[in-house]
Amino acid sequence: MSGLSIAAHFSFARVKVISQSVHRECQVPGAIIQLAPDRRFRPLCHLCGGPASVHSQGLRRIVRDLDVAGAQVYLDVQYRRVNCPACNRAVVEKLSFAGTSMRLTYRLARYVYELCKVMTVQDVAAHLELDPKTVKTIDKHLLEEEFADTDCEGLKVLAVDEISLCRGQRGYMSVVLDYQSGRVVWMGQGRKAESLDAFFATMSQQQKGAIEAVAMDMWEAYVRSVRQNCPQAKIVFDLFHVVKAYGEVIDEVRRQEYRKASFQQRAYIKGSRYLLLSNRENLDAQKRARLEELLEVNERLSAVYILKDQLKAIYRYSRRRWAQRALEQWCALAAQVEHPAMRRFIGRLQYFREGILNHCEYPIGTSKLEGVNNRIKVIKRKAYGFHDSRYFTLKVKQAFPGVKPTTETG
Ligand SMILES: [Zn+2]
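Residues numbered from 1 in each chain as written. Predicted model: local features only at pLDDT ≥ 70, side-chain atom pairs only at ≥ 80, totals over all residues. Heavy atoms only, no water.

Colleague: How would you summarise the overall build of the protein chain if you had to cite specific residues and measurements?
Modeller: Scanning the protein chain for helices and strands turns up 16 helices and 10 strands. For 410 residues, the compact-globule estimate of 2.2 N^0.38 gives 22 Å, and the C-alpha radius of gyration of the protein chain, at 29 Å, exceeds that figure by more than 25%. In terms of overall dimensions, the protein chain has a C-alpha envelope of 85 × 55 × 40 Å along the principal axes. A total of 410 residues make up the protein chain; the buried ones form 46% of that total. At a minimum sequence separation of 6, the contacts of the protein chain that also span at least 24 residues come to 58%. Taken as a whole, the protein chain presents about 22500 Å² of accessible surface, with 51% of it coming from carbon and sulfur. Charged side chains in the protein chain number 64 positive and 44 negative. The centres of these two groups are separated by 3 Å. (Helix = DSSP H or I, 4+ residues; strand = E, 2+ residues; numbered from the N terminus. Rg over C-alpha atoms; globule rule 2.2 N^0.38 Å. Buried < 20%, exposed > 50% of the residue type's maximum accessible area, 1.4 Å probe, protein only. Contact = heavy atoms within 4.5 Å. Areas by Shrake-Rupley, 256 points an atom, 1.4 Å probe, with all protein chains shown as cover. Lys, Arg positive; Asp, Glu negative; His and termini not counted. Charge placed at Lys NZ, Arg CZ, Asp CG, Glu CD.)

In structure tokens, the structure reads:
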């Protein structure tokens, strides 16, 4: 047999392979590659990367590398302490394949990072037989390198959303999305005006001045922050956020109806939350039939449900005057459902009317916002087990890199 030896896979800069051995007796087959400095090259300082001179020999470190043919591979590395003239001190030499504090090679770390894009930390850890903490540390470290900065270049239309961190806890995070590209630009703690101010603080005056519209929930704190920071921007209460807010009305009416329902009626209402809040188009035939039954037996829920469809109809108008008329009609109709939650909601619609009608100029589609919202919830379940909101933020930014809008308009 001819060709390269396995050593070819370990041709790192400034070191050479001096021996290789395979261990079969252990549970996991392993290979050890011994590396020593290649004396043809000057060592480098690990702090500044500049040339240094050898101070002393004899340091050794074991570093895990990528598996080869199912065998775990460890590099047994000899390295040196060096004198760096630039740093004016003795430090360890720079290795081209691993950091000084890492017990694994850069390329294994990169592989871990790639796996973490599609697998949970636990699954990656089990797959590679690494500690989950190590896997998470690697993933977070490389995410920081790629996504730490807030890039506010070219933003025109934003969508702001809130994400609750834990059920029952009052922790919220604010998410800023570049509506046009679908990129998550920023995430921060809280959902107060100051929370969003922290985002605007990362922008230049010019960048703030370029914001044309911001879609958001009917939420006073966000409104205040946008008015303060981008007074020229139109505030848009888009259909997604308005229907989401209306969902709370449906939920409260449903609960009240359940409490006063007869035993037979309760059977219909029980477990109907999902049916009432989902888009009818997303329900399968069986669930749709259940929904129809429920609406037949409960008049109040039926009215509230029909109002949901009519609320959506307001957003089909692209002429402001017509949309306004539809909104007024809706409020008059909804007022007939006498319920405190409904009254509050009507009050909000009237108070935030201008922003609702702004959809005529900025028709911000629901599907994109809904898609982002749902996917963030999935990431939260997977990543937030660590109770590390920074890690969660970075994972979200990674999941929504955005696509550059094409030059075509349509
Ligand atoms: Zn140096």
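Colleague: I'd love a proper account of the side chain of Thr393, names of residues and values included.
Modeller: By the secondary structure assignment, Thr393 is in helix α16 (residues 389–399). On the basis of relative accessibility, which here comes to 6%, the residue Thr393 falls in the buried class. Once you skip the residues sitting within four places of it in the chain, Thr393 turns out to touch Met173 and Met187.

Colleague: Lay out the coordination of the zinc ion in plain terms, naming residues and giving numbers.
Modeller: Surrounding the zinc ion are the protein donor atoms Cys45 (SG), Cys48 (SG), Cys84 (SG) and Cys87 (SG), at 2.2 to 2.3 Å. Counting gaps between the donor residues of the zinc ion yields the pattern C-x2-C-x35-C-x2-C. Taken together, the positions of Cys45 in the loop between β2 (30–37) and β3 (53–68) and Cys84 in strand β4 (residues 71–84) put the pair 39 residues apart, joining distant regions of the chain. In this pair, the class of Cys45 matches that of Cys84, namely buried. (Donors = N, O, S within 2.8 Å, 3.2 Å for Na, K, Ca; no water.)

Colleague: Mind laying out the packing of helix α12 (residues 320–334) against helix α13 (residues 340–351), listing which residues take part and the relevant values?
Modeller: The geometry of α12 relative to α13 is characterised by a closest axis approach of 10 Å and an angle of 165° between their N-to-C directions. In terms of their interaxial angle, α12 and α13 are classed as roughly antiparallel. When the axes of α12 and α13 are compared, the crossing they make is left-handed. Listed contacts from α13 to Leu327, Trp330, Cys331 and Ala334 of α12 are Met342, Phe345, Ile346, Leu349 and Gln350. Grouping the constituent residues of the contact of α12 with α13 by class yields 8 nonpolar, 1 polar and no charged. (Axes fitted to C-alpha atoms, helices over the stretch in contact; angles between N-to-C directions. Parallel < 35°, antiparallel > 145°, perpendicular 65-115°, else oblique. Left-handed = near helix turned anticlockwise from the far one by under 90°. Nonpolar A, V, L, I, M, F, W, Y, C, P; charged D, E, K, R; others polar.)

Colleague: Talk me through helix α10 (residues 285–297); I want residue IDs and the actual numbers.
Modeller: For α10, with 13 residues, the first-to-last C-alpha span of 19 Å sits near the 18 Å given by 1.5 Å per residue. Leu291, Leu294 and Leu295 are the residues of α10 that are buried. All buried residues of α10 fall inside an arc of 95° around its axis, so they share one side. The exposed residues of α10 that point more than 90 degrees off its buried face are Ala285, Gln286 and Glu296. Among the structural elements, α8 (263–269), α9 (273–277) and α11 (299–314) are those in contact with the buried residues of α10. (Expected span 1.5 Å × (residues − 1). Arc of directions from axis to C-beta.)

Colleague: Describe the pairing of β2, naming the residues involved and giving the relevant values.
Modeller: Along β2, 6 of the 8 residues are buried, which leaves the element largely enclosed by surrounding structure. Inspection of the sheet shows strand β1 (residues 15–23) paired to β2 by 8 bridges, in the antiparallel sense. Directly across from Gln20, in β2, lies its bridge partner Ile33. Sheet analysis places β2 next to β4, joined by 6 bridges and oriented parallel. (Pairing = 2+ DSSP bridges.)

Colleague: Go over the nonpolar core with me, naming the residues and quoting the values.
Modeller: Grouped together as the largest cluster of nonpolar side chains are 61 residues, with contacts concentrated most on Phe199, Tyr246, Trp330, Met342, Phe345 and Leu349. Apart from the residues lying within four places of it in its own chain, the contact partners of Leu349 are Met218, Val242, Leu311, Leu327, Trp330, Cys331 and Ile356. Core analysis: the next-biggest nonpolar cluster, separate from the first, contains 42 residues, Val157, Ile163, Met173 and Val184 among them. (Core = buried A, V, L, I, M, F, W, Y, C linked by side-chain atoms within 4.5 Å.)

Colleague: Outline the packing of aromatic side chains, supporting the account with residue identities and numerical values.
Modeller: The geometry of two aromatic rings is summed up by the distance between their centres and the angle between their planes. If you walk through the whole model with that rule in mind, you get 10 aromatic pairs. The interplanar angle of 90° and the centroid separation of 6.4 Å between the aromatic rings of Tyr317 and Trp322 together place this pair among those described as edge-to-face. The exposure class assigned to Tyr317 is partly exposed, which follows from its relative accessible area of 34%. An aromatic cluster is present here, built from Phe10, Phe12 and Phe97 joined pairwise through their rings. Sitting over the face of the ring of Trp219, Arg191 holds its NZ or CZ atom 4.3 Å from the ring centroid. Positioned over the ring face of Trp322 is Arg319, at 5.2 Å from the centre of the ring. (Phe/Tyr/Trp six-rings, centres within 6.5 Å; stacked < 30°, edge-to-face > 60°. Lys NZ or Arg CZ within 6 Å of the ring centre and 35° of its normal.)

Colleague: Before we move on, can you summarise the pattern of salt bridges with the specific residues and values?
Modeller: Taken as a whole and assessed by the stated rule, the structure comprises 25 salt bridges. Ionic pairing is found between Arg80 and Glu93, a salt bridge with its closest N-O pair at 2.9 Å. With Arg80 in strand β4 and Glu93 in the loop between β5 (89–92) and α1 (106–118), this residue pair connects regions lying 13 residues apart in the sequence. Measuring nitrogen to oxygen at the nearest pair gives 3.2 Å for the salt bridge that ties Glu257 to Lys260. (Salt bridge = Lys/Arg side-chain N within 4 Å of Asp/Glu carboxyl O.)

Colleague: Mind laying out the sheet that holds strand β9 (residues 213–215), listing which residues take part and the relevant values?
Modeller: One open sheet holds the 5 strands; their spatial order is β8-β7-β6-β9-β10, and the pairing between them is mixed. The open sheet has two free edges, formed respectively by β8 (183–189) and β10 (234–236), since each of these has just one partner strand. Direction aside, neighbouring strands of the sheet carry axes that sit 20° apart on average. Of the pairings in the sheet, the one linking strand β6 (residues 157–164) to strand β7 (residues 172–178) comprises 7 bridges and is antiparallel in character. By the bridge assignment for β7, Glu162 is matched with Ser174. Sheet strands touched by helix α4 (residues 193–200): β6, β7 and β8. Its angle to β8, the strand with the most contacts, is close to 135°.

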